[in-house]
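Okay, here's what each chain looks like letter by letter:
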Amino acid sequence: MEATYLQVIFLLHIGFGGVFYFLSWQQRNHFARWLAWSWAIEAVRAVILLPAVHSLGDAPGAWYAFADILCFFANWCLLAGCADVAGKRLPAWLAPLYFWSGVPLVLFNRFALPTVLQALWGIPLADGLFGGVAANLLIMFVPIAVTRLTILVWLWSIWKKSRLPGALVAAAFCVPYGVVALAAPLQYLYAYNPQWMLFLWCVRVIGFSIGLVMLLLSLQQAALVRSEKNLLAAQGLAKLGSWELDLASGLATWSAEMCRLWSRLPSAQALPASELLGAIHPADRDRFERTQLHLGTTAECNQIEFRLLCDGGEVRWMQGRSTPVRDGAGQIAWLAGTAQDITDRKQAEVRMHLQQAVTRVLAEAAPIQPTLRKILEIVAHELDWEFGAVWMRDRTANSLRCFELWHSSPMLAAFADATRKLVPANTDGIPGSVALSREPRSSADVSRDGTFQRQAVAASAGLREGVGFPLMARSEVLGVMEFFSTRLRPADDEMRAVFAALGTQIGQYVERQRL
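Residues numbered from 1 in each chain as written. Predicted model: local features only at pLDDT ≥ 70, side-chain atom pairs only at ≥ 80, totals over all residues. Heavy atoms only, no water.

Visitor: Describe the overall build of the protein, and please don't skip the residues or the numbers.
Guide: From N to C terminus, the protein includes 17 helices and 11 strands. Radius of gyration (C-alpha) of the protein: 41 Å, far over the 24 Å computed for a compact globule of 515 residues. Here the C-alpha coordinates of the protein stretch approximately 135 × 50 × 40 Å along the principal axes. Long-range contacts, defined here as pairs at least 24 residues apart, represent 60% of the contacts in the protein between residues at least 6 apart. For the protein, the exposed area adds up to about 25,900 Å²; of that, 62% sits on carbon and sulfur atoms. Across the protein, the mean location of the 45 positive side-chain charges is 4 Å away from that of the 41 negative side-chain charges. (Helix = DSSP H or I, 4+ residues; strand = E, 2+ residues; numbered from the N terminus. Rg over C-alpha atoms; globule rule 2.2 N^0.38 Å. Contact = heavy atoms within 4.5 Å. Areas by Shrake-Rupley, 256 points an atom, 1.4 Å probe, with all protein chains shown as cover. Lys, Arg positive; Asp, Glu negative; His and termini not counted. Charge placed at Lys NZ, Arg CZ, Asp CG, Glu CD.)

Visitor: Just give me the short version of the packing of aromatic side chains, but keep the residues and values in it.
Guide: A complete count under the given rule lists 21 aromatic pairs for this structure. A ring pair is formed by F387 and F415, whose centres lie 4.9 Å apart and whose planes are at 80°; its orientation type is edge-to-face. Within this pair, whereas F387 is found in strand β7 (residues 387-394), its partner F415 is found in helix α14 (residues 413-421), the two being separated by 28 residues in sequence. When sorted by exposure, F387 lands in the same class as F415, which is buried. Summarising the aromatic geometry, the rings of F452 and F484 are spaced 5.6 Å apart at their centres and angled 50° between planes, so their arrangement reads as tilted. Separated by 32 residues along the polypeptide, F452 in the loop between β9 (441-443) and α16 (455-461) and F484 in strand β11 (residues 476-485) bring together distant segments of the chain. Side by side, F452 and F484 carry an identical accessibility label, which is buried. Among the aromatic residues, ring-to-ring pairing joins F72, F73, W76, Y98 and F99 into one connected group. Positioned above the aromatic ring of Y177, the side-chain terminus of R204 is 4.3 Å from the ring centre. (Phe/Tyr/Trp six-rings, centres within 6.5 Å; stacked < 30°, edge-to-face > 60°. Buried < 20%, exposed > 50% of the residue type's maximum accessible area, 1.4 Å probe, protein only. Lys NZ or Arg CZ within 6 Å of the ring centre and 35° of its normal.)

Visitor: So what about the pairing of strand β8 (residues 399-407)? Which residues, and what values?
Guide: As paired strands, β7 and β8 are joined by eight bridges and run antiparallel to one another. Paired with F387 across the two strands is H407, which belongs to β8. The turn linking β7 back onto β8 is made up of four residues, and N398 within it adopts a positive phi angle of 50°. (Pairing = 2+ DSSP bridges.)

Written as structure tokens, this is what we have:
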């Protein structure tokens, strides 16, 4: 082969081998690493075949034999790499068979066969050497052609399954690769080395290499997309969002789950830190900013629990973590943080604490009115209600009457007066429906509930959500507890179960007090 074409092939293999090595270093995978080794070995073979190299030491036969042995290793690396990308497992016996049958034969044909032929049949050494080289080409290039055919089938199956263009390009150039491999022994036998064949050697290296690079990049991109989808799915399942704050610009990037938790549309655009703070409960905002966003001079990882104000007035409990990240110069350049929805855990803690607190109050054996007022205050405080009232059944008049109430703000005094004056309350929305159904009931917005007699005054006070549960004893409704809030909250079946349990517990206490 002409030196110019060998130099081109050397440069092509060095160049693409470097690309494969960089891709394997950038993202570890066996496919790119095997290809890097294969192309590096082919580059060494091209250098050895240069006249200026194999003439060194006046031992061209030894150089050619070394190049022939390298051919086995280059072909095996290519087969192993393509098997990896195709998801195929090569038999354990294949490598020993390939190397232990091929390499000794190549060495025998190169160095011993001419002498054996001369000694046994008197064939001249030159003719024996020619025959040995021809046999070596068959031993080397027939497996290479079979390898290319196998790789062609693998690449075609990848193309059919994934429609990745790189697989199709590489598969297409497997054909001239196999043709050139089968033609090599014939070219040697007939000394046929036209320019177009030499040009085809270069073209098949370029096309096949470009196809494999395209395939590798597509696979890495697909793996990245799959990883991002898995991350989004994991964050969604864990209700965990992530964010990064650039300290220099004050802009933060949010994950999709972070946007969902903050009731924002996902956006690739960085947002100011104020967007992060805006949805946090005012009582927790300063503490969040102090512990999560002002870490520019420390290397601490801080944790905080805070409340998040969602659309519709719903409050969610979040657990936040943040840590500073340093740049290449060792300076803290940005903050990385997470926010996880822990509302379910907090609600479970609140329910357990609520039941324990009510049990302690009932065990104190205090008079009924202060006891019920204290229970109203405990339930309202634990569950963030602004108003609570107890309605007791007047067995003589068979009606509900306001027995005790509690409210958190003087702004609710008018609503409290309206509640006290509401006699009887059998037809009033929450107390009446709870007493009738004998189970906890709620109203999504009492300010718009036509069955709620205190609708106008509730709207003036800003009250919206209302809930009530019966005080039961021996299947009898002794009274009703109701609570109101200025914000809406999602339905909570577990909280309804807690209300039902509290209603039975308080109802039994009321019955004991009346005996």
